[in-house]
Amino acid sequence: MTQPSPAQKPVAKSLYGGSGSRRITVRDIAAAKERGEKWPMLTAYDAMTASVFDEAGIPVLLVGDSMGNCHLGYESTVPVTLDEIVMLSAAVVRGTTRSLVVGDLPFGTYQEGAVQALRSATRLVKEAGVGAVKLEGGERSADQVELLVSSGIPVMAHVGLTPQSVNAYGGYPVQGRGEEAAQQLLRDAKAVQDAGAFAVVLEAVPAELAAEVTRSLGVPTVGIGAGADCDAQVLVWTDMAGMTAGRLPKFVKQYLQMRELLGGAAKAFAEDVVGGAFPAEEHTFH
């Protein structure tokens, strides 16, 4: 008896915490929407951290251009390059076995049009091995989404507050307030869905509007600062784990104080070295 091909295998029964011998796919994401299942997504930028999240059952990991702020020392996501995204996406893929890995298309790699977007996304798929890509923009990015999807590359879209537009916004304001802005956001979300996006990130959007968008779409919404009615929620992992210093966005919940813990460990090591307690006999070769 022949074994079914991966494409014939049934989709996962549960995204979060489920088990299986294959990666989560966009078919699994669609099935979760049909079941009304909520699911979590985190960012990841290296193999070791990604392996922790993969083992914890996180079904989708985003190699976000947020790496610019929290890992590369940039003031915004704008300077992040495609080479940087490709390198760190490959590391995340190598560190995982089940999570769907989504690679971000950074600023300047798709704005020229659909052909540029396809060239950039192809690098992420071929060189890094990601299962999908993400790009910002609604109606203005619909052509890019359509060509990528028709070329076999799944796309997660991103509307609302799009951080790559920080210079145009003059900061990071909440999006979709007021009737005209709300209607434009709804049009943006529908445009990328109609172009073939398998999910839509809603960032910094009033909860009531995000709920309306979620009801209006047939694909799942992924909220970040968009209320509790989205189909999924995402956080930047360094925010979630308490590694980020300084003021945090209102939508962040910290589940750990890792910056404090890691700093304490570094100080304990330093004090052992200065005081002569490390290395001790059990750490020494003869």
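Per an unreviewed UniProt entry, the protein goes by 3-methyl-2-oxobutanoate hydroxymethyltransferase and derives from Streptomyces kronopolitis. Recorded in UniProt under Pathway (unreviewed entry), the annotation for the protein is "Cofactor biosynthesis; (R)-pantothenate biosynthesis; (R)-pantoate from 3-methyl-2-oxobutanoate: step 1/2." In its Sequence similarities (unreviewed entry) section, the UniProt entry covering the protein states "Belongs to the PanB family."

**Student:** Can you tell me about helix α8 (residues 179-195), naming the residues and giving the values?
**Tutor:** Helix length check: α8 (17 residues) gives 24 Å between terminal C-alpha atoms against 24 Å at 1.5 Å per residue, within 8%. If you check which residues of α8 are buried, you get Ala182, Leu185, Leu186, Asp188, Ala189, Ala191, Val192, Gln193 and Ala195. Turning to α8, the residues buried within the fold contact α6 (142-150), β5 (155-160), β6 (199-203) and α9 (207-216). The positive-phi residue at the C-terminal boundary of α8 is Gly196, with phi of around 120 degrees.

**Student:** Describe the sheet that holds strand β8 (residues 232-235), and please don't skip the residues or the numbers.
**Tutor:** By definition, the strands of a sheet pair up through backbone hydrogen bonds, in either a parallel or an antiparallel sense. Spatially, β1-β2-β3-β4-β5-β6-β7-β8 is the arrangement adopted by the eight strands of the closed barrel, whose pairing is parallel. Ignoring which end each strand starts from, the neighbouring axes of this sheet average 25 degrees apart. In the sheet, strand β2 (residues 60-63) pairs with strand β3 (residues 100-104) via four bridges, with the strands oriented parallel. Bridge pairing links Val63 to Gly103 in β3. Each of β2 and β3 touches helix α4 (residues 82-94); the most contacted strand, β2, lies at about 155 degrees to it.

Calculation notes
Along every chain, residues carry numbers that run from 1 in the direction the sequence is written. Per-residue local features are limited, in this predicted model, to residues with pLDDT of at least 70; the limit for side-chain atom pairs, both in listing and counting, is 80 or more; totals at the level of whole chains, interfaces and linings are taken over all residues. With hydrogens and water excluded, all non-hydrogen atoms of the structure serve as input to the side-chain values. UniProt positions are given in the numbering used here, feature names are shortened, and annotations may be inferred rather than shown by experiment. Each helix is a run of H or I in the DSSP string that is no shorter than four residues. Each strand is a run of E no shorter than two, and both are numbered from the N terminus. Helix span is expected to be 1.5 Å times the residue number reduced by one. For the exposure calls, accessible area comes from a 1.4 Å probe over protein chains only, and a residue counts as buried if that area is under 20% of its type's maximum, exposed if over 50%, partly exposed in between. Note on contacts: a residue pair is in contact if any heavy atoms of the two residues lie within 4.5 Å. The criterion for strand pairing is that DSSP finds at least two bridges linking the strands in question. Helix axes are fitted only over the stretch in contact, all axes being lines through C-alpha atoms; the angle between N-to-C directions runs from 0 to 180 degrees.

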